[in-house]
Amino acid sequence: MILALVYLAALVTVPLARGRLSALADLRLRRPQLAVGAIAIQVVVISLLPWGSHALHVALHLGSYGLLAAFAWSNRRLPGVPVIALGGLLNFTAIAANGGVMPTDPGAAASLAHTTAAGDFANSAALARPKLSFLGDIIATPASWPVHNVDSIGDVVIVLGVLVLLHVGSGSRIVPRRLAAGRVRAVSG
């Protein structure tokens, strides 16, 4: 939930930097159905139907990252998308190395109110022997915050890529003119 607020705050920075939110409508996303499908799979597997075959959940979870990778590849010329893809790759690497589950720092996980029922698929969990734990959910927001959560380095990289996409795509004043000129070519080409 905290990431949703971060993305909203990133969007608010566009008009503050004298960018035009309406210019974002000119960005031509290729194959958006891939991203929509991936997000739908993750919502179903993680939130709507977390019970059932663990192997199926893992396959669907990892497969959703394949769809996101194909979407990113299709849109690789858009500013910020390569950075977003790098963040997704960091998350996928940690998840794949740990059998389909994002490793979570045990101390950070203990501060979360959310628990997964026994037998349900957990996309993020404190593991006994995590691999690549430095790529896992290790960045905790303060427990006193109303939308406390634990995020990964990959999540932070994704947010940075979204900021680049928003500001270059909107013609924000914080983007150097030479990058803004490249935006026009990427959008129209």
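Visitor: Just to check I follow, could you spell out the overall build of the protein chain for this structure?
Guide: Of regular secondary structure, the protein chain possesses 7 helices and 4 strands. In the protein chain, of all internal contacts separated by at least 6 residues, the share reaching a separation of at least 24 is 68%.

Visitor: What is the right way to look at unusual backbone geometry in this model?
Guide: If a residue is not glycine, its phi is most likely negative; likewise, a peptide bond is most likely trans. In this structure, arginine 31 takes a positive phi of about 55° despite not being glycine. Within the secondary structure, arginine 31 is located in the loop between helix H1 (2-16) and helix H2 (32-48). For leucine 132, which is not a glycine, the phi torsion comes out positive at approximately 55°. By secondary structure assignment, the location of leucine 132 is in the loop between strand E2 (124-125) and strand E3 (137-140). Exposure remark for leucine 132: the relative accessible area of 34% places this residue in the partly exposed category.

Visitor: What exactly am I supposed to notice about the packing of H2 against helix H3 (residues 54-74) here?
Guide: At their nearest, the axes of H2 and H3 sit 8 Å apart, and the two run at 160° to each other. Compared by their axis directions, H2 and H3 come out roughly antiparallel. In the crossing of H2 with H3, the sense of the turn from one axis to the other is left-handed. Contacts from Pro32, Leu34, Ala35, Gly37, Ala38, Ile41, Gln42, Val45 and Ile46 in H2 reach His57, Leu60, His61, Ser64, Tyr65, Leu67, Leu68, Ala70 and Phe71 in H3. Here the residues of the contact of H2 with H3 are counted per class, giving 13 nonpolar, 5 polar and no charged.

Visitor: When you look at helix H6 (residues 153-170) in this model, what are you seeing that I'm missing?
Guide: End to end, H6 covers 26 Å across 18 residues, agreeing with the expected 26 Å (1.5 Å per residue, within 8%). Judged by how many residues are buried, H6 sits mostly within the fold: 13 of 18 residues are covered. Sitting at the amino-terminal end of H6 is serine 152, which places a side-chain oxygen 3.3 Å from the backbone nitrogen of glycine 154.

Visitor: What's the story with a positive patch on the surface in this structure? I'm lost.
Guide: There is a patch of like positive charges on the surface, built from Arg28, Arg30, Arg76 and Arg77. With respect to the helices and strands, the residue arginine 76 is situated in the loop between H3 and helix H4 (81-97). Taking the relative accessible area as the measure of exposure, arginine 76 reaches 32% and is therefore partly exposed.

Visitor: Would you mind showing me how to read the packing of aromatic side chains here?
Guide: Note on aromatic pairs: each is described by the distance of the centres and the angle between the planes. Per the stated rule, a full pass over the model turns up 1 aromatic pair. For the ring pair tyrosine 65 and phenylalanine 92, a centre distance of 6.0 Å and an interplane angle of 50° mean the geometry is tilted. Taken together, the positions of tyrosine 65 in helix H3 and phenylalanine 92 in helix H4 put the pair 27 residues apart, joining distant regions of the chain. Residue classification places tyrosine 65 among the buried positions, given a relative accessible area of 15%. In this structure phenylalanine 92 comes out as partly exposed when scored by relative accessible area, which is 29%. Above the ring of tryptophan 73, the side-chain terminus of arginine 76 is found at 4.0 Å from the ring centroid.

Visitor: Teacher, can you tell me more about a nonpolar patch on the surface here?
Guide: Residues Val83, Leu132, Phe134, Ile138, Ile139, Ile153, Val156 and Leu160 make up a contiguous nonpolar surface patch of roughly 610 Å² in combined accessible area. Mapped onto the nonpolar patch, the elements with two or more residues apiece are E3 and H6. The biggest single contributor to the nonpolar patch is H6, with 3 residues. Following the sequence through the fold, valine 83 ends up in helix H4. Note on valine 83: relative accessible area 32%, which makes it partly exposed.

Scoring rules and cut-offs
- Residues numbered from 1 in each chain as written.
- Predicted model: local features only at pLDDT ≥ 70, side-chain atom pairs only at ≥ 80, totals over all residues.
- Heavy atoms only, no water.
- Helix = DSSP H or I, 4+ residues; strand = E, 2+ residues; numbered from the N terminus.
- Contact = heavy atoms within 4.5 Å.
- Buried < 20%, exposed > 50% of the residue type's maximum accessible area, 1.4 Å probe, protein only.
- Axes fitted to C-alpha atoms, helices over the stretch in contact; angles between N-to-C directions.
- Parallel < 35°, antiparallel > 145°, perpendicular 65-115°, else oblique.
- Left-handed = near helix turned anticlockwise from the far one by under 90°.
- Nonpolar A, V, L, I, M, F, W, Y, C, P; charged D, E, K, R; others polar.
- Expected span 1.5 Å × (residues − 1).
- Polar contact = N/O pair within 3.5 Å; in protein donor to acceptor, adjacent residues only side chain to side chain.
- Patch = residues over 30% accessible without salt bridge, like charges linked within 9 Å, V, L, I, M, F, W, Y side chains within 5 Å.
- Areas by Shrake-Rupley, 256 points an atom, 1.4 Å probe, with all protein chains shown as cover.
- Salt bridge = Lys/Arg side-chain N within 4 Å of Asp/Glu carboxyl O.
- Lys, Arg positive; Asp, Glu negative; His and termini not counted.
- Charge placed at Lys NZ, Arg CZ, Asp CG, Glu CD.
- Phe/Tyr/Trp six-rings, centres within 6.5 Å; stacked < 30°, edge-to-face > 60°.
- Lys NZ or Arg CZ within 6 Å of the ring centre and 35° of its normal.

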